[in-house]
Amino acid sequence: MTPHADTLPPACTSRWPGAASVPADTPPHRQPPLQPRPTTPASRPCLPDRRSHTSTNAHGLALAPANVPSLRSLLSRPPCALGTFVPAGLHSPREERRHLKQLAHAGTDFFEVGLAHHDAHLDGPVIQDAYRRALRSGDALNRTVRAVAYAAHLRPTVVMTYWEPFQRHGPESAARLFAEAGASGVMIVDLPDHHAERWQAAARHANLHTPRLVPRRTTDDGLAAVAANASGWLYAPASAQPTGYRGPLDIPALTAFTRRLRAASPLPVVSGVGISTPALAAHVAPLVDAVVIGTPIVRALASAPEQAPQLIAAFAHALASTTTAEPRAHSRPRH
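(A) The pattern of salt bridges, seen in detail. Here the structure, examined in full by the defined rule, presents five salt bridges. Note that D129 is salt-bridged to R132, the shortest N-O span being 2.1 Å. Remark: R132 and D129 occur in helix α3 (residues 125-136); sequence separation between them is three residues, near one turn of the helix. D129 gets classed as partly exposed once you look at its relative accessible area, which sits at 39%. On the basis of relative accessible area, R132 is assigned to the partly exposed category, the value being 40%. With a shortest N-O distance of 3.1 Å, R262 and D289 are connected by a salt bridge. Placement of R262 in helix α9 (residues 251-264) and of D289 in the loop between α10 (278-284) and β8 (290-293) is noted, with a sequence separation of 27 residues between them.

(B) Fine view of helix α6 (residues 171-181). Those residues of α6 lying buried are P171, A174, A175, L177, F178, A179 and A181. Among the structural elements, α4 (140-154), β3 (157-161), α5 (163-169), β4 (185-188) and α7 (196-206) are those in contact with the buried residues of α6.

(C) Here's a closer look at the sheet that holds strand β7 (residues 269-272). Overall, parallel pairing links the eight strands, which are arranged β4-β3-β2-β1-β8-β7-β6-β5 in an open sheet. Each of the sheet's edge strands pairs with one partner strand only, and the pair in question is β4 and β5 (212-213). Where β3 lies against β4, four bridges are found, and the strand directions are parallel. Residue pairing in the sheet places V159 in a bridge with V186 of β4. In this fold α4 packs onto β2 (110-114) and β3, with an angle of close to 175° to the strand it touches most, β2. Relative to the sheet, helix α12 (residues 308-320) contacts β1 (81-87) and β8, its axis offset from that of β1 by approximately 155°.

(D) Examining unusual backbone geometry more closely. P79 follows P78 through a cis peptide bond whose omega is -5°. Residue placement: P79 occurs in the loop between α1 (71-75) and β1. A positive phi angle, close to 65°, is found at N207, a residue other than glycine. Within the fold, N207 resides in the loop between α7 and β5. In the Ramachandran plot, V273 falls in the positive-phi region, its phi being about 70° despite a non-glycine side chain.

(E) Examining the side chain of T144 more closely. As for its placement among the helices and strands, T144 is situated in helix α4. Take T144: its relative accessible area is 0%, and that puts it in the buried class. Beyond its immediate chain neighbours, meaning those up to four positions away, T144 contacts A88, V113, G114, L115 and F178.

(F) Structural context of the pairing of β2. Burial analysis of β2 places five of its five residues in the buried class, the great majority of the element. Residues of β2 alternate between two faces, with F110, E112 and G114 on one and F111 and V113 on the opposite face, all of them buried. Bridge count for β1 against β2 is five bridges, and the pairing is parallel. Counted as the bridge partner of F85 is E112 from β2. Crossover connection from β1 via helix α2 (residues 93-106) to parallel β2: handedness right-handed.

(G) α7, seen in detail. Turning to α7, its buried residues are A196, W199, Q200, A202, A203 and A206. Down the axis of α7, the sector holding all buried residues measures 165°, keeping them to one side. Turned more than 90 degrees off the buried face of α7, the exposed positions are E197 and H205. Contacts from the buried residues of α7 go to α5, α6, β4 and β5. Note on α7: the residue one or two positions beyond its end, N207, has a positive phi of about 65°.

(H) Inspection of the side chain of T210 at higher detail. Turning to its location among the elements, T210 is positioned in the loop between α7 and β5. Separated by 3.4 Å, the side chains of T210 and Q200 make a polar contact.

What counts as what
Residues numbered from 1 in each chain as written. Predicted model: local features only at pLDDT ≥ 70, side-chain atom pairs only at ≥ 80, totals over all residues. Heavy atoms only, no water. Salt bridge = Lys/Arg side-chain N within 4 Å of Asp/Glu carboxyl O. Helix = DSSP H or I, 4+ residues; strand = E, 2+ residues; numbered from the N terminus. Buried < 20%, exposed > 50% of the residue type's maximum accessible area, 1.4 Å probe, protein only. Contact = heavy atoms within 4.5 Å. Pairing = 2+ DSSP bridges. Axes fitted to C-alpha atoms, helices over the stretch in contact; angles between N-to-C directions. Right-handed = clockwise from strand over helix to strand, strands pointing away. Arc of directions from axis to C-beta. Polar contact = N/O pair within 3.5 Å; in protein donor to acceptor, adjacent residues only side chain to side chain.

Structure below.
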């Protein structure tokens, strides 16, 4: 349920300079230019920087400024970072760009941009409906590439997808397209084990991180195999239910699982799925390096887009007041 406006903080509490003093409902044309979070020498990007503030990609799209921080630097500093999931193609390109900019100002630290798929079986009805709307607009891949190019100019951006669209377009070709658009990585939520080697090679060649979703039921042997081929982060679902789950979370079980992940890999741990309120985000935040908010934002974008920035501001405020209980990852991510 979207918080009432009276319960929201007066302004977002993002770690990005210039964002904290901007009310979430400020019209885009009145907002000051976005200022990137400073990157210290100890947190330089772990991937070669292929971007500059004046360069464009093969599609004529402006790439992200070189001083937008890397995923490594973003996830290695407290407080817990806030990721925002946005399905590409839900609105017209112009509206989509406006929404992305508003969400960045409201407190988003990084974006996950979803590539629409007709069989999003790990997602609940809200995201599935959003994907169906996006697919009706046609040319899902090209629209997602353009959404990623704009999002990456604002905040570090990772593509969220299922394997079938990447397999259909060709993993090597799709990886190259998103890398050229400025994506930091691509997370394939249902990557088949027998295709993992091909995907890892394609992502490595394109210089993309490959975050991996790790189900809680994963055995120690399976966890070691997944961690060995992941980079960017390991994704620990807060709930075993599909996205959009609104019930209670088993925090002790999530605590035990995040400890298993940290024992298996030096990569940061990110959590999402079922983190439906700012209060739940505050409970999860001490365990992980970032939380990702999906269904609550997609629901708002689909029905009342003007409420989405206020909702992100509420989540950002909740995360800013938490402290990290688990050791954070400082080791260099691996491909």
